[in-house]
Every structure is written in C-alpha cells, then in structure tokens.
Amino acid sequence: MALVNIHFLNLQSNYLFADIAKKVNAFKVMHPKADVISLGIGDVTQPLCPAVIEAMRKAADEMGDKETFRGYGPEQGYDFLREAILKNDFLPRSIRISPDEIFINDGAKSDTGNFQELLHWDNFIGVTDPIYPVYIDSNVMIGRCGTFRDGRWTNVRYFPTTAENGFIPELPKGRPVDVIYLCYPNNPTGTVLTKQELRKWVNYALKNDALILFDAAYQAYIRDPEIPHSIYEIRGARKCAVEFRSFSKTAGFTGVRCGYTIVPKDVSVSTFEGERIPLNQLWLRRQCTKFNGTSYISQRAAEAIYTPEGREQVQQTIDYYMQNAHHMLSVLRSLGFECYGGENAPYIWMRTPNGMGSWQFFESLLYGAQVVCTPGVGFGPSGEGYVRFTAFGSHERTEEALQRIAQWAGKK
Ligand SMILES: *Cc1c(COP(=O)(O)O)cnc(C)c1O
C-alpha cells in the first residue's frame, strides 16, 4: 500500500494568493465591468531588457546548430556565468568566493525550499515574522514544524518584526535556534537590516553553532550605501551562512528562471557524534542527484545582465519600479497612512487604519477602490493589521490606483 507523506496534510490548505484570487473573482462576478488594479502579487511587469533578449536569441541559434548545440550542462552551472557573478556581485564588495561555492539554479524558490533537506528533521527553525511562506512550508513538508495552532506552528520560533520594534528582529532567548531564515531586503515588509544588526545574527549563529539561510533576492533594490547586499559582508558569515540570490526581481527573470546559491566551503553542520560535515559537498551531491542544471539559454540570458549594456538596462528597470515605490510612499503618507519599507525594496508595508484586520482592509479596498493589496496576516501572525503593496506595476496603473485610493480614503 502506498502511504502518503502525512506532513503534507498539515500544510495550511489555502495558499494566500489563491485566496486572494478567489475573493477578487467573486468581486468580478458581481461587478463584471469593474477595472481591478492589482498591487498584490510580487511579480514583475516590465519586459526583459534588450541585452538579455539578444543573448537568448544567440543562445537559441547555437542550440539549433550541430556545431554549437549543448546538451546537459554542468550541474553547478556554466563557468561563464559563475565567473560573471564572482566578478560583478562579490569582488567589488571585497567578498572572496570561489566558483565552486556558487550553484546556479532555476530560481531561488527551489533552493530556499530544498536546502532544508540537508538538515536533520528535528532541527529547531526560526523565522522572522511576517515572512515569505516558502521557508516554513518546506519545513512543514518533512515534519519539522509541529502542529498549526492559533495561526502559528508549535515548533517554529517566530521573531516578530513590527512597527513597535522598528522591524528589527530580536535574537532568540531560551532554547537555541538551530536554523535561522533571514530575508533582507525583506519580503513582505520592504525593510532592511544594517550591518550592525545583521552582525548580531552572524555572531549568534557562530556562538550557537546555528546555520543562517539568507535570502537576498531583493539586494538589487538597495539604495542606501550603508546597507549590506550580502551576508558575507559580515565577518564570520562564511562559517555559518548560505545565501540565496535570484535574477527574478533583479532582471525580470520570473518567467525565465535563473538564480544562484552560495554555499561556502567553511559552512559545516554536525553529526550527533560531533563530526563536521561541510554543506558545500552535501549540496553538490544533492544537486547532482536531483537537478540537471538550468537551461543554457537562461544562463546566457543571466550572463548578459553583467555586460555594460545589460547592467545599465537592468538598472533602468529597477529605477522604474523604485520610482513607483517612492511615489506610493509619498501619496499614501500624505493620505495619513502609516507606511514602511519602499526605500530599499519594491514593497510598501502599510498599517491598516483604525486597527482594521488585514483581510477586512483588503476587502474594503477592493470594493471601495477596485485595488488589490496583499493581506499582511497571510505572511504570518505578526502581519495582522498590515497590508503589502508592490511597486512592480506600470507607472500608469500605479498612478491610477493611487488616485482611486485617495478618492476612496477621502470619501470614508
Ligand atoms: C521572489 C522571491 C524569490 C525569488 O524566487 P524565484 O524562484 O527566483 O523566482 C525568493 N525569495 C523571495 C523572498 C522572493 O520574494
């Protein structure tokens, strides 16, 4: 008899964005003519830049020619891309990484979800709250999180980040946490950590022999030169941290699929007997077994964002989204809303007025202004009383949404 992995049955059955889609559809059925603007889902809207398209065309042509056709590539990714990453993303920040510490992937979601496979099932995980749901759900799938009670998992340590603590998570007290997920710039709050704050976490990990899984998917949106782009800007992080990066938000690759993970050779975890096991070798072994590499075309596309033209074009799109973010911040604040983030990230995290619940605000905004936001509580218990707006829309639609929100807020 084939038995199910019962841990999957513990997953909260309703995925946030499916719930949102359901509610938006219900609205559209009742109001078929309404023009709904979504500032909800975190997907980009602007097309790939010309340098990337040119590289993809060229790569496609190579694949159509017997002389230059490529079959399976190296599991860790092609050297040309790994070299470009080193030279552009790390050397300028004086971070020393070797090519065999870089693993090219098909996007950061797979690796942030899969990496926990390398760890014993009863490690105690900690996450900042609210947070990208993948970290917890992937741990639920192998039974690491306990049971779900009153909006939280019994065997997960939540580090609340709210306006009250300035969105700065506090180090765990009591039972030490073994594995810590950090995402900065943060999805959903759009807030960042200074070097000093991040250093506290690295020091905690070193002291407690914990592992940090650091998601830097939004590092390209950092404007403030003091804010770290990589956890390896902190001394000692090479010994305790793995970093995930993605071209999805950096260069509009959500539909192309390419990212990378850094697993330094100095990061190791322990057996019960105290033997140290380097994660780099283990992850390589895992990838060689379960992953056959990212498509050649996607990797050539990613390489192209590091050319002089590519860099400039990609930056233009990031600037375009950040103009939205700044505009949204100033309009929403002028309407009296309490907003966070949006300065080094493409997300605005807004407190709902008068202590309204996240979902209640979501519905009143949908019905009152035909604008979709994301209820903060969908990202964790500390997200209750907040909503997220994304800056990934076009200027025109974002402007239209803001005008409607202003009109709606004025009427109430
Ligand atoms: C969008 C996003 C990613 C990137 O996902 P891909 O699989 O690379 O498209 C990773 N982490 C967070 C927090 C994100 O919001």
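Report on the accompanying structure.

What counts, and where the lines are drawn
- Residues numbered from 1 in each chain as written.
- Predicted model: local features only at pLDDT ≥ 70, side-chain atom pairs only at ≥ 80, totals over all residues.
- Heavy atoms only, no water.
- Core = buried A, V, L, I, M, F, W, Y, C linked by side-chain atoms within 4.5 Å.
- Buried < 20%, exposed > 50% of the residue type's maximum accessible area, 1.4 Å probe, protein only.
- Helix = DSSP H or I, 4+ residues; strand = E, 2+ residues; numbered from the N terminus.
- Contact = heavy atoms within 4.5 Å.

1. Some thoughts on the nonpolar core
If you look at the biggest cluster of nonpolar residues, it comprises 101 residues, and the most contacted ones within it are I212, F247, F253, L332 and F389. By residue number, the principal contributor to this core is helix α11 (residues 308-334), which donates 10 residues. Excluding its chain neighbours within four sequence positions, the residues that come into contact with F247 are L81, I85, G252, F253, C258, G259, Y260, A302, I305 and Y306.

2. A word on unusual backbone geometry
At the junction of D129 and P130, the peptide bond is cis and its omega measures out at 5° in the coordinates. Within the fold, P130 resides in the loop between β3 (125-129) and α6 (134-140). Here the residue pair Y184 and P185 is connected by a cis peptide bond, since its omega of -10° sits within 30 degrees of zero. For P185, the location among the structural elements is in the loop between β7 (179-183) and α7 (195-208). Within the chain, F167 stands out as a residue other than glycine whose phi angle is a positive 60°. In this structure, F167 sits in the loop between β6 (156-160) and β7. For Q370, which is not glycine, the phi torsion reads 55° and is therefore positive. Among the secondary structure elements, Q370 is positioned in the loop between α12 (358-369) and β15 (371-372).

Honestly, that's just the spatial picture; any functional story needs more than this.
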